[in-house]
Amino acid sequence: MRHIISILLENEAGALSRVAGLFSARGYNIETLTVAPTEDSSLSRLTIVTSGSDEVIEQITKQLNKLIDVIKVVDLSEAAHIERELMLIKVRATGKDREEMKRMAEIFRGRIIDVTDSTYVIELTGSGPKLDAFIQAIDAGLILETVRTGVSGIGSGDRILKV
């Protein structure tokens, strides 16, 4: 089962490395990883998407809590949450493909953020399946480059991750 683990950790050199090392040392795969400072510059929030049984995720959570830099760990998948991903995709946009790319960006509520004579860069945000659907909906031969952020997630309602 897919899990989104949100970690609040000290914003110090080596903290991310220790978390990633815990996963690799135990043979757990990290599907996506995002990290950035929080409103408190001494803390970072790390969001990891991984797969595993409830028992495996419980073991990961316990081991993460043992790391000295880790302040708090929450499995966002356990309750209502919001998740989003950002994708920048550069596509060939010449001739008839130019209007088609513009139309597809509008359908998927994307924005064209860079325009040249032969390319568009389209920005899309949403769930992973939405971004995958956009890629499937356009001609694969028109895709020049794709960059994705990985999942960012937050608990819904009153559920917060704070010290």
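Please refer to the structure placed before this passage.
Residues numbered from 1 in each chain as written. Predicted model: local features only at pLDDT ≥ 70, side-chain atom pairs only at ≥ 80, totals over all residues. Heavy atoms only, no water.

S.K.: Help me understand the pairing of strand 6 (residues 111-115) in this model?
M.R.: Of the strand pairs in this sheet, strand 6 and strand 7 (residues 119-126) are connected by four bridges, and their pairing is antiparallel. By the bridge assignment for strand 7, Asp114 is matched with Val121. Following strand 6, the chain reverses through three residues before pairing antiparallel with strand 7. (Pairing = 2+ DSSP bridges. Helix = DSSP H or I, 4+ residues; strand = E, 2+ residues; numbered from the N terminus.)

S.K.: What is the right way to look at helix 3 (residues 96-107) in this model?
M.R.: In an α-helix, one turn spans 3.6 residues, which is why side chains three or four residues apart end up on the same side. Spanning twelve residues, helix 3 covers 17 Å between terminal C-alpha atoms, matching the ideal 16 Å at 1.5 Å per step. Of the surrounding secondary structure, the elements contacted by the buried residues of helix 3 are strand 5 (81-92), strand 6, strand 7 and helix 4 (128-137). Count one or two residues on from helix 3 and you reach Arg109, which has phi positive near 55 degrees. (Expected span 1.5 Å × (residues − 1). Contact = heavy atoms within 4.5 Å.)

S.K.: I keep staring at the side chain of Thr32 and nothing clicks. Help me out?
M.R.: When you line up the elements, Thr32 lands in strand 2 (residues 32-37). There is a polar contact of 3.4 Å between the side chain of Thr32 and the backbone nitrogen of Val151. (Polar contact = N/O pair within 3.5 Å; in protein donor to acceptor, adjacent residues only side chain to side chain.)

S.K.: Any chance you could explain the pattern of salt bridges here in plain terms?
M.R.: Between side chains of opposite charge, a pair can form when the charged atoms approach closely. On inspection of all chains with the given rule, the structure shows eight salt bridges. Of the charged contacts, one joins Arg148 and Glu85 as a salt bridge, the two residues approaching to 2.8 Å between their closest N and O atoms. Remark: Glu85 occurs in strand 5 and Arg148 occurs in strand 8 (residues 143-148); sequence separation between them is 63 residues. Relative accessible area serves as the criterion here: at 9%, Glu85 is assigned to the buried category. Across the pair Asp132 and Arg148 runs a salt bridge, and its minimum N-O distance is 2.7 Å. You can see Asp132 sitting in helix 4 and its partner Arg148 sitting in strand 8, a full 16 residues away along the chain. (Salt bridge = Lys/Arg side-chain N within 4 Å of Asp/Glu carboxyl O. Buried < 20%, exposed > 50% of the residue type's maximum accessible area, 1.4 Å probe, protein only.)

S.K.: Explain the sheet that holds strand 2 to me, please; I cannot follow it from the model alone.
M.R.: Pairing between the strands of a sheet comes from backbone hydrogen bonds, and it takes one of two forms, parallel or antiparallel. Here four strands make up an open sheet; going across it, the order is 2-3-1-4 and the pairing antiparallel. At either end of the open sheet lies a strand with only one pairing partner, and these are strand 2 and strand 4 (70-75). Adjacent strand axes in the sheet meet at a mean angle of 15 degrees when their direction is disregarded. The pairing of strand 1 (residues 2-10) with strand 3 (residues 43-51) spans nine bridges and is antiparallel. Note on strand 3: the bridge partner recorded for Ser6 is Thr47. (Axes fitted to C-alpha atoms, helices over the stretch in contact; angles between N-to-C directions.)

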